[in-house]
Amino acid sequence: MDHSTVSASRVAAMIGCDPRLSPLGLYLQMRGEMPPIEDSEVLEEGREFEDAIARIAARKYSMAIDPASNQRRLVHGPLSCHLDRLCLRHGCVGPLEVKHAVRSRSHEWGDPGTDQV
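No experiment lies behind these values; they were computed from the predicted model shown.

What counts, and where the lines are drawn
All residue numbers here refer to positions counted from 1 along the written sequence of the relevant chain. Thresholds applied to this predicted model are a pLDDT of at least 70 for local features of residues and 80 or more for the giving and counting of side-chain atom pairs; totals over whole chains, interfaces and linings are not thresholded and use all residues. Values reported for side chains reflect all heavy atoms of the structure, with hydrogen atoms and water molecules removed beforehand. Only strands that DSSP links by at least two bridges are regarded as paired with each other. Strands here are runs of E lasting at least two residues and helices are runs of H or I lasting at least four, both read from the DSSP assignment and numbered beginning at the N terminus. Lines fitted to C-alpha atoms define the axes, with helix axes restricted to the stretch in contact, and inter-axis angles between N-to-C directions lie between 0 and 180 degrees. Two residues form a contact once any of their heavy atoms are found within 4.5 Å. To estimate the expected span of a helix, subtract one from its residue number and multiply by 1.5 Å. One axis fitted to the seven residues ending at a residue, another fitted to the seven starting there: the angle between these axes is the bend at that residue. Only protein chains enter the calculation, and the probe is 1.4 Å; a residue is then buried if its accessible area is under 20% of its type maximum, exposed if over 50%, and partly exposed in between. Patch criteria: residues need more than 30% relative accessible area and no salt bridge. Like-charged residues are merged within 9 Å; nonpolar side chains of Val, Leu, Ile, Met, Phe, Trp and Tyr are merged within 5 Å. Note on areas: these come from Shrake-Rupley sampling with a 1.4 Å probe, and a residue is covered only by the protein chains present in the view. A pairing counts as a salt bridge when a side-chain nitrogen of Lys or Arg comes within 4 Å of a carboxyl oxygen of Asp or Glu. Asp and Glu count as negative and Lys and Arg as positive, but His and the ends of the chain are not part of the count. Working definition for charges: the position is that of NZ of Lys, CZ of Arg, CG of Asp or CD of Glu. In this text, buried Ala, Val, Leu, Ile, Met, Phe, Trp, Tyr and Cys residues form a nonpolar core when linked through side-chain atoms within 4.5 Å. Polar contacts, as used here, are pairs of N or O atoms within 3.5 Å; protein pairs need one atom able to donate a hydrogen and one able to accept it. Residues neighboring in sequence count only if both atoms are side-chain atoms.

**Points about the sheet that holds strand β5 (residues 92-96)**
Line of reasoning, step 1. Read from one edge of the open sheet, three strands run β1-β4-β5, paired in antiparallel fashion. In the strand order of this sheet, the two ends are held by β1 (64-66) and β5, each with one partner. For this sheet the average axis-to-axis angle between neighbouring strands, irrespective of direction, equals 30°.
Line of reasoning, step 2. Contacts from helix α3 (residues 41-60) reach β1, β4 (85-89) and β5, with the element oriented near 10° to β4.

Set out below in structure tokens:
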């Protein structure tokens, strides 16, 4: 990821809601003075499930999905995001944000039954 743009994940760190990265840590990362934090096993597994979940969503909601769209990164001024998938439904093109839930012993994604991700 580019050091100079602000993504949704970085916003969480900016306001102190990221348990893995403090606002100061983010500042140092964006200046290139601190290496990025490596993804956890849960985050890596989430990316591995993206294709299957996108296919299920396409089938369930009658969408066409661009298989190459998961490589796109959108940048608008100082803001950026990773596009999970681009889909076509009812003649409209739009983004598909892929999420899945796993039960983790460490509850890294929040406690079961809560809206914390």
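After presenting the structure, the write-up continues.
**Thoughts on α3**
Line of reasoning, step 1. With 20 residues, α3 should cover 28 Å at 1.5 Å per step; its first-to-last C-alpha distance of 28 Å lies within 8% of that length.
Line of reasoning, step 2. Most pronounced at E50, the bend in α3 amounts to some 40°.
Line of reasoning, step 3. All of the buried residues along α3 are V42, G46, E50, A54, A57 and A58.
Line of reasoning, step 4. Looking at the buried positions of α3, the neighbouring elements they touch are β1, β4 and β5.
Line of reasoning, step 5. The first or second residue beyond α3 is S62, which carries a positive phi of 50°.

**Some details on a negative patch on the surface**
Line of reasoning, step 1. A cluster of acidic residues, E38, E41, E44 and E48, forms a negative patch on the protein surface.
Line of reasoning, step 2. Turning to its location among the elements, E48 is positioned in helix α3.

**Some points on unusual backbone geometry**
Leaving glycine out, the prevailing phi sign among residues is negative, and the prevailing peptide bond configuration is trans.
Line of reasoning, step 1. Although it is not a glycine, S62 adopts a positive phi angle of roughly 50°.
Line of reasoning, step 2. Assignment of secondary structure puts S62 in the loop between α3 and β1.
Line of reasoning, step 3. Looking at S62, the relative accessible area reads 58%, which means it is exposed.
Line of reasoning, step 4. One non-glycine residue, H90, adopts positive backbone phi at about 50°.
Line of reasoning, step 5. Considering the arrangement of structural elements, one finds H90 in the loop between β4 and β5.

**With respect to the nonpolar core**
Line of reasoning, step 1. Counting seven residues, the largest nonpolar core is built from A54, A57, A58, M63, C87, L96 and V98.
Line of reasoning, step 2. Among the elements that line this core, the one with the most residues is α3, at three residues.

**A short note on the environment of E33**
Line of reasoning, step 1. With respect to the secondary-structure elements, E33 resides in the loop between α2 (23-30) and α3.
Line of reasoning, step 2. For E33, a relative accessible area of 48% translates into the label partly exposed.
Line of reasoning, step 3. There is a polar contact of 2.5 Å between the side chain of E33 and the side chain of R31.

**Describing the side chain of R85**
Line of reasoning, step 1. Examined against the element boundaries, R85 turns out to sit in strand β4.
Line of reasoning, step 2. On the basis of relative accessible area, R85 is assigned to the buried category, the value being 3%.
Line of reasoning, step 3. Looking at R85, its side chain comes within polar contact range of the side chain of D51, at 2.3 Å.

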